[in-house]
Amino acid sequence: MNIGIVCYPTFGGSGVLATELGKALADKGHNVHFITYQQPVRLTGFSANIFYHEVRVPTYPLFDYPPYEAALASTMVDVVKNNNVDLLHVHYAIPHAAAAYMAKKILLKENKNIPVITTLHGTDITLVGRDKTYAPVVAFSINQSDAITAVSRNLKEETYKIFDIEKEIEVIYNFVDIKRFARKPIDAFKKVIAPNGERIILHASNFRKIKRIPDVIRIFKIINESIPSKLLLVGDGPERPMAEDLCRELDLCDDMRFVGKQQDMEEIFAIADLFLLPSEYESFGLSALEAMAGGSPVVASNAGGLPEIIRQGENGYMSAVGNLHQMAQYALEILKDEDIYQQFRVSAKKQAERFDIHHIVPQYEKLYEKCLQAFSVV
Ligand code: GMT
């Protein structure tokens, strides 16, 4: 198949997932055309079946806001026409589903009818999408998609609650490449972060409000008062300056390290002892799954789709959003006893295997085939 993939190329989970999906499809022999405004961060190395098409968004003195959506739709049309693309799979509804709808209509005029598949990832529905600034376009363009997928049951239910969706939403869970994440820790790296063998607590995110970064730091403070530990913070975003202030205010700077955006997350997950994700909402929590694949138990909020991947008391623990004290106690329960800790590690890896790339990618292929078949019958 020739597949066009549209996504955000940045460090967000939706772009990571879309890129990993494209790479996996290319490994299986499909031709994959990435259509993005920058090279996706996880699109590294050469693959004979992968093509990258940059969306250029020219500026003009008249434009306070360059029309990205029009540029994207036009690039989709161009890529589809010139590369015999069979279908377009767009990740994150805003504005990708609307741009795909526009591209589809233009292509139809030229007698090319191709399916558009939209994968909903989270805030494109629950936060940004539901805002009335975007909602009518989001609802319309999702309904115009030929197939809709959501990354968790929770997100599917939320989508039906928030919008009037006339079609079936299929749940296809996010995935992880178990083989890649099941790495031995690099001792030298571990020593830099925890020179005296302290426990390494990890949080990785885009540092947005929804991630509740102050909770991460305050949970760590309670842990740190009980056991020698270090907090490793990966990623960057609007909450970072506040987080640095809080670290100084709580006198934690010697035990916390901000390492910014990182490419080789598998090396970071490998040295972590526990992953913290106390978010306000997570449709899925891809970073938690990747942490589990690396053998880290997860302590998180019980928001959104997190209960679909975390098993209470087996591979991690969940508490109500904002219940810092309980989350810290759960983390200590896991970390204080080596036998318990090892059981959680084994269980975390086992759970991650259920979401292995080899189980999930075929579900997308099946959906593509179903869509193409429906189109060939028409
Ligand atoms: O919605 C966001 O915050 C951004 C989005 C992204 O692009 O990273 O994250 C969402 O998609 C991820 C991949 O499917 C999920 O793992 C995240 O849970 C989800 N984030 C939220 O729902 C907050």
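Located above this text is the structure these notes cover.
Presented here is a report on the structure given in the accompanying data block. None of the values given here were measured: they were computed from a predicted structure. Counting restarts for each chain, with residues numbered from 1 along the sequence as it is written. The predicted origin of the model limits local features to residues at a pLDDT of at least 70 and limits the giving and counting of side-chain atom pairs to 80 or more, whereas totals for whole chains, interfaces and linings rest on all residues. Side-chain descriptors were evaluated using all non-hydrogen atoms of the structure, hydrogens and water having been removed beforehand.

**Regarding the sheet that holds strand β10 (residues 256-260)**
For sheets, the rule is that strands pair by backbone hydrogen bonds, running either parallel or antiparallel.
Here's step 1: Ordered in space as β10-β9-β8-β11-β12-β13, the 6 strands form an open sheet in which the pairing is parallel. Looking at strand neighbours, the two that pair on one side only are β10 and β13 (316-319), the edges of this open sheet. For this sheet, the mean angle separating the axes of adjacent strands, direction not counted, is 20°.
Here's step 2: Pairing geometry for strand β8 (residues 199-204) and strand β11 (residues 274-277), over 2 bridges, is parallel. What sits directly across from Ile201, in β11, is Leu274.
Here's step 3: We call two residues in contact when some of their heavy atoms are within 4.5 Å. Interaxial angle, 0 to 180 degrees, is taken between N-to-C directions of lines fitted to C-alpha atoms, where a helix line uses only the stretch in contact. Only DSSP runs of H or I reaching four residues or more are called helices, and only runs of E reaching two or more are called strands; each is numbered from the N terminus. Helix α9 (residues 213-226) contacts β8, β9 (229-234), β10 and β11 of the sheet and is inclined by roughly 165° relative to β9.
Here's step 4: Seen against the sheet, helix α12 (residues 286-293) touches β8, β11 and β12 (298-301) and runs at an angle of roughly 170° to β11. Paired strands, as defined in this entry, are two strands with at least two bridges between them according to DSSP.

**Considerations on the packing of aromatic side chains**
Here's step 1: For Phe, Tyr and Trp, where Trp contributes only its six-membered ring, two rings pair if their centres lie within 6.5 Å, and the inter-plane angle classes them as stacked under 30 degrees, edge-to-face over 60, or tilted in between. With the rule as written, the count across this model stands at 12 aromatic pairs.
Here's step 2: An angle of 85° between the planes, with centres 5.5 Å apart, marks the rings of Tyr8 and Tyr92 as edge-to-face. In this pair, Tyr8 sits in the loop between β1 (2-6) and α1 (13-27) while Tyr92 sits in the loop between β4 (87-91) and α3 (93-109), placing the two residues 84 residues apart along the sequence.
Here's step 3: Three exposure classes are used, based on accessible area relative to the maximum for each residue type with a 1.4 Å probe and protein chains only: buried under 20%, partly exposed in between, and exposed over 50%. Under the relative-accessibility criterion, Tyr8 is labelled partly exposed at 22%.
Here's step 4: Seen in terms of ring centroids, Tyr173 and Phe355 are 5.4 Å apart; in terms of plane orientation they differ by 85°. Their pairing is edge-to-face.

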